[in-house]
Amino acid sequence: MEIFNTKQEIKSYLTTQKKKNKTIGFVPTMGALHEGHLSLIKQAKKKNDIVVVSIFINPTQFDNNKDLEKYPKKIESDTRLLANSSCDVLFYPSVKEMYNTKVSSEKFDFEGIEHQMEGKFRQGHFNGVATIVKTFFEIIRPNSAYFGEKDFQQLLIIKKMVKNHRLKIKIKGCPIFREKDGLAMSSRNTRLSKEHRVSAPFIYKTLKQVRKKFNTENTLKITEWVEQEFKKNTFLNLEYFTIADEKTLEIVKNKEFNKNYRAFIAVFAGEIRLIDTIRLKNL
Ligand code: PAF
């Protein structure tokens, strides 16, 4: 596995590979890698000659300095994990390398989807994500890039950004990877206390019940039910629960035939924020 820390080094390496007609699959990450990331790498390797993984904790997408400071940093074990995976190139730049002296985001227009859910609760988050992903795309110029569906809103934002900027990159969403007890895999899970780790599978358990209820109950009633369930839970604090249209992310009041819906949830387990989502079957 090649490891690069500068834009110039990785650009020059990938230019040589492209001249040999090699295709590039890109998996952007913030490190503290888990099975979910490894599954993205596997998907990328199936369809591309070269898999590039970036590890970069992007300061501009954090709305909370404490969360940024405490974000898990595991570069040594991550590097070992990647060396034993199908990753061909690790790009691990510094903040200075990516932002120079101006650590700030570009402003994007995502036609409204940036104001829902995560956008509502994490000011500036998606401008930060889109800024860094666009910069990575300009450096790496991949054929395809792979994102987990746990961050479903992020996936839509990236697809919009690629479309609006006419980038020739295929964006692939990959299914959520879960622990045996159903908790969606996340780098933040490593920061959960014992009690919170034990309570956290309640999130997915609730989502599965929502999926069942969606067949017979209206969305307002389901939302009220979820809110009540979390009020009874002493370890988990609900930030939001929403049933939304999968394309526009607008909140659904009345189900319409031929539309796809999803439930989205954000929960605090102590100071750790966890998100999850589930696709709902429309009748
Ligand atoms: O999903 C993430 O880990 C981050 O938001 C990403 C896409 C690597 C951008 O920093």
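Scope of this entry: the structure provided in the associated data block. (Residues numbered from 1 in each chain as written. Predicted model: local features only at pLDDT ≥ 70, side-chain atom pairs only at ≥ 80, totals over all residues. Heavy atoms only, no water.)

### Structural notes on the packing of aromatic side chains
Defined as follows: Each aromatic pair joins two rings of Phe, Tyr and Trp (for Trp, the six-membered one) with centres within 6.5 Å, and gets the label stacked for planes under 30 degrees apart, edge-to-face for over 60, and tilted for any other angle. Each helix corresponds to a stretch of at least 4 residues labelled H or I by DSSP, and each strand to a stretch of at least 2 residues labelled E; elements are numbered beginning at the N terminus. Think of it in three bands: with a 1.4 Å probe and only protein chains considered, a residue is buried below 20% of the maximum accessible area for its type, exposed above 50%, and partly exposed in between.
Using the criterion set out here, one finds 12 aromatic pairs in the structure. Each ring, one from Phe 26 and one from Phe 136, has its centre 5.7 Å from the other, and the planes form 55 degrees; the classification is tilted. Within this pair, whereas Phe 26 is found in strand E2 (residues 24-29), its partner Phe 136 is found in helix H7 (residues 125-140), the two being separated by 110 residues in sequence. Ring plane angle 80 degrees and centroid distance 5.7 Å describe the contact between Phe 62 and Tyr 71, whose orientation is recorded as edge-to-face. Assessed through its relative accessible area of 6%, Tyr 71 is described here as buried.

### Details of the site of the ligand
Our working definition: The nearness test applies per residue and asks whether one of its heavy atoms lies within 4 Å of the molecule or strand. Side-chain atoms alone can form a polar contact between residues adjacent in sequence; in general such a contact is a pair of N or O atoms within 3.5 Å, and within protein one must be able to donate a hydrogen while the other accepts it. The method behind every accessible area is Shrake-Rupley, applied with a 1.4 Å probe, and residues are considered shielded solely by the protein chains displayed.
As a matter of local geometry, the ligand sits amid Pro 28, Thr 29, Met 30, Asn 58, Gln 61, Ile 132, Phe 147 and Gln 154. Between the ligand and Gln 61 there is a distance of 2.6 Å, counted from an oxygen atom to a side-chain nitrogen or oxygen. Between the ligand and Gln 154 there is a distance of 2.7 Å, counted from an oxygen atom to a side-chain nitrogen or oxygen. When isolated, the ligand has an accessible area of 290 Å², and the protein chains bury 87% of it.

### Side note on helix H8 (residues 152-164)
Threshold: What a helix is expected to span follows from its residue count: subtract one and scale by 1.5 Å. Here, residues are in contact when the closest pair of their heavy atoms is within 4.5 Å.
Spanning 13 residues, H8 covers 18 Å between terminal C-alpha atoms, matching the ideal 18 Å at 1.5 Å per step. Contacts made by the buried residues of H8 are with helix H6 (117-121), H7, strand E5 (144-148), strand E6 (170-174), strand E8 (261-269) and strand E9 (272-280). Looking at the residues trailing H8, positive phi occurs at Arg 166, about 50 degrees.

### Brief notes about empty space enclosed by the protein
Formally: Using a 1 Å grid laid over the protein atoms alone, points where a 1.4 Å probe fits but cannot get out form a cavity; open sets with protein on both sides within 12 Å along at least 5 of 7 lines form a pocket; any residue with an atom within 4 Å of a point counts as lining. Grid points are joined across faces, edges and corners, and a volume is the space filled by probe spheres set on the points. Throughout, the ten residues Ala, Val, Leu, Ile, Met, Phe, Trp, Tyr, Cys and Pro are labelled nonpolar, Asp, Glu, Lys and Arg are labelled charged, and all others, Gly among them, are labelled polar.
According to the stated counting rule, one finds one cavity of 30 Å³ or more in the structure shown. Each pocket or cavity is described by its volume, and for the largest cavity that value is around 40 Å³. Leu 183, Ala 184, Ile 203, Leu 274, Ile 275 and Asp 276 are the residues that line the largest cavity. Taken together, the residues of the lining of the largest cavity break down into five nonpolar, no polar and one charged.

### Here we look at the pattern of salt bridges
Charged atoms that come close allow side chains of opposite charge to pair. The following threshold applies: By convention in these notes, a salt bridge is any Lys or Arg side-chain nitrogen within 4 Å of a carboxyl oxygen on Asp or Glu.
A full pass over the atoms with the stated rule returns 22 salt bridges. With a shortest N-O distance of 2.9 Å, Asp 276 and Arg 178 are connected by a salt bridge. Taken as a pair, Asp 276 in strand E9 and Arg 178 in the loop between E6 and helix H9 (194-199) lie far apart in primary sequence, 98 residues in all. Each member of the pair, Asp 276 as well as Arg 178, carries the same accessibility label: buried. Across the salt bridge formed by Asp 181 and Arg 197, the nearest N and O atoms sit 3.0 Å from each other. Note that Asp 181 is positioned in the loop between E6 and H9 and Arg 197 in helix H9, a separation of 16 residues in sequence. In the salt-bridge network here, residues are joined through shared partners; they are Lys 66, Asp 67, Lys 70, Arg 188, Arg 191 and Glu 271.

### Quick notes on the environment of Phe 108
Tracing the backbone through its elements, the reader meets Phe 108 in the loop between helix H5 (95-99) and H6. In the structure, Phe 108 is positioned 23 residues away from Thr 131 in sequence and 8.5 Å away in space, judged by C-alpha atoms. Beyond its immediate sequence surroundings of up to four residues, Phe 108 is in contact with Glu 114, Asn 127, Ala 130, Thr 131, Lys 134, Met 161 and His 165.

### Some details on the layout of surface pockets
Taken as a whole, the second largest pocket spans an internal volume of roughly 240 Å³. Taken together, 17 residues form the lining of the second largest pocket, with Ile 55, Phe 56, Ile 57, Lys 73 and Tyr 92 sitting closest to its centre. Looking at side-chain class alone, the lining of the second largest pocket contains 12 nonpolar, two polar and three charged residues.

### Here's the deal with the sheet that holds E8
Cut-off, in case you're wondering: Two strands are counted as paired when DSSP detects at least two bridges linking them. Orientation is described by axes fitted as lines to C-alpha atoms, over the contacting stretch for helices, and by angles from 0 to 180 degrees between their N-to-C directions.
Across the sheet, three strands lie side by side as E7-E8-E9; this open sheet has antiparallel pairing. Where the open sheet ends on each side, the last strands, each with one partner, are strand E7 (236-245) and E9. Within the sheet, the average angular offset between the axes of one strand and its neighbour, ignoring direction, is 15 degrees. Of the pairings in the sheet, the one linking E8 to E9 comprises nine bridges and is antiparallel in character. Residue pairing across strands places Ala 269 opposite Ile 272, the latter belonging to E9. Helix H10 (residues 202-213) contacts E7, E8 and E9 of the sheet and is inclined by roughly 25 degrees relative to E9. Here helix H11 (residues 219-231) sits on the sheet in contact with E7 and E8, set at roughly 165 degrees to E7.

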